[in-house]
Amino acid sequence: MSSPATGAATLAPRRSSRFVAWVRAWRAGLVPFDEVADAIAGDEEHLVADAPGTWTDVSLREALPSLAKHSPDEIRLVLPAPGDPRGLPGPGAFAGAALLAGEAVVASGLGLVPEVRTHTSGSGMTWETVLWRVHPLPADAPKASLITPGAAEAEAELAAALAETTAALTRLDVAQWRPELAGALAALRRPDGGTDLPPGFDPRSRRLFARAAVLDRVLALAGESAPGGAVNNHEAQQRDAALRPLTTACRQALVAACNAPLRL
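So, here is what we can say about the structure in this document. Numbers given to residues run from 1 along each chain, matching the order in which its sequence is written. This being a predicted model, a pLDDT of at least 70 is required before a residue's local features are given, and a value of 80 or more before pairs of side-chain atoms are given or counted; all residues contribute to the totals for chains, interfaces and linings. Hydrogen atoms and water are omitted, and side-chain values are computed over all heavy atoms in the structure.

### Some points on the overall build of the chain
Going along the chain from the N terminus, every DSSP run of H or I of four or more residues is numbered as a helix, and every run of E of two or more is numbered as a strand. Regarding its fold elements, the chain presents 9 helices and 6 strands. Buried residues in the chain amount to 46% of all 264 residues. Put simply, of all contacts in the chain between residues at least 6 apart along the chain, 68% involve residues at least 24 apart. Accessible surface, the chain: about 12,800 Å² in total, of which carbon and sulfur atoms supply 55%. Buried means the residue's accessible area, taken with a 1.4 Å probe over protein chains only, is under 20% of the maximum for its type, while exposed means over 50%, and partly exposed covers the values in between. Only heavy atoms matter for contacts: two residues are in contact if any of them lie within 4.5 Å across the pair. For the area figures, the Shrake-Rupley method with a 1.4 Å probe applies, and any residue is considered shielded solely by the protein chains shown.

Here it is, written out as structure tokens:
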């Protein structure tokens, strides 16, 4: 039986992280335009609503030229959470949508938020499409909140949070009701050389992204109910409290990796 870490490694990282990494690399001249839309979308269908100069939903490939005037440093990943709005340029429709999705892209005066839509055919088959909704940002939106931690700082914080969380879960005897989680967290303490980042990112950012992207999925699995109803409400609250610092560190690690300066 595969562990959550093994299973999580096969799941795609957050869509906004792929969007930011590949669009930044394109704007830096490190990858050709023709590769960007496919790298972001993978096997999914991605559409864009309310892109500048459009009157209807268009394909991601058709919408990307609207970002052609942006420099790599103007395109940023934000992963806000309730009580932690870091990266959001002030309140408004974009901030609300980004908080609801838990992820978004800031591109100078534009904000993009992915919405996953599920469709069902007449025969009962279901499939998903991703709609990126574009929000105009006010010209006077504060920029101070867009400051990103450095990759070195984020890597150290992630390592410390991982050690703290592992110890906390051990004290809670998490192995009794979710035995695969403790093993997955322990395995993730080892460096992972794999990466989904495009050219231009330095080795530290690649390593940080590889670890944080998998850990992000492990945490999503960890937050689910234990099989067989093995966790009561009190135990679930303790688990969530133990995972919260690691979840925050993981989000900041993804932001730091994707927003890191590129090597031209």
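That covers the picture; the talk isn't over yet.
### Let's talk about the nonpolar core
What makes a nonpolar core is a set of buried Ala, Val, Leu, Ile, Met, Phe, Trp, Tyr and Cys residues whose side-chain atoms join them at distances within 4.5 Å. Grouped together as the largest cluster of nonpolar side chains are 54 residues, with contacts concentrated most on Phe 19, Val 23, Leu 64 and Leu 158. Of all the elements, helix 9 (residues 233-258) adds the most residues to this core, at 10 residues. All domain edges in this entry derive from an automatic or database-based domain assignment. Domain assignment of the residues forming this core places at least three in each of domain 1 (15-146) and domain 2 (151-259). Leaving out residues up to four positions away in the same chain, Leu 158 has contacts with Leu 208, Arg 211, Ala 212, Leu 215, Leu 246, Ala 249, Cys 250 and Ala 253. Ranked by size, the runner-up nonpolar core spans 9 residues in total, among them Val 78, Phe 94, Val 113 and Leu 137.

### What to know about unusual backbone geometry
Located in the positive-phi region is Asp 50, a residue other than glycine, with phi close to 65°. In this fold, Asp 50 is placed in the loop between strand 1 (45-49) and strand 2 (58-59). Judged by its relative accessible area of 48%, Asp 50 is partly exposed. With a phi angle near 55°, Ser 108 is a residue other than glycine that sits in the positive phi range. Judged by its relative accessible area of 35%, Ser 108 is partly exposed.

### Some remarks on the environment of Ala 107
Relative to the helices and strands, Ala 107 is located in strand 4 (residues 104-107). On the basis of relative accessible area, Ala 107 is assigned to the buried category, the value being 0%. Excluding residues within four positions of it along the chain, Ala 107 makes contact with Leu 67, His 70, Glu 74, Ile 75 and Leu 112.

### A short note on helix 3 (residues 33-41)
Those residues of helix 3 lying buried are Val 36, Ala 37, Ile 40 and Ala 41. Down the axis of helix 3, the buried set is contained in an arc of 105°. They therefore lie on one face. Among the exposed residues of helix 3, those pointing more than 90 degrees away from its buried face are Asp 34 and Asp 38. Think of the arc as the fan of directions from the helix axis to the C-beta atoms.

### Notes on the pattern of salt bridges
By definition, a salt bridge exists where a carboxyl oxygen of Asp or Glu is found within 4 Å of a side-chain nitrogen of Lys or Arg. Considering all chains together, one arrives at 12 salt bridges under this definition. In this structure, the salt-bridge partner of Glu 44 is Arg 15, at a minimum N-O distance of 2.6 Å. One end of the pair, Glu 44, is in the loop between helix 3 and strand 1; the other, Arg 15, is in helix 2 (residues 15-27), and 29 residues separate them in sequence. On the basis of relative accessibility, which here comes to 19%, the residue Arg 15 falls in the buried class. A salt bridge links Arg 61 to Asp 38; the nearest nitrogen and oxygen atoms lie 3.5 Å apart.

Interpretation in functional terms is not warranted from these geometric data alone.
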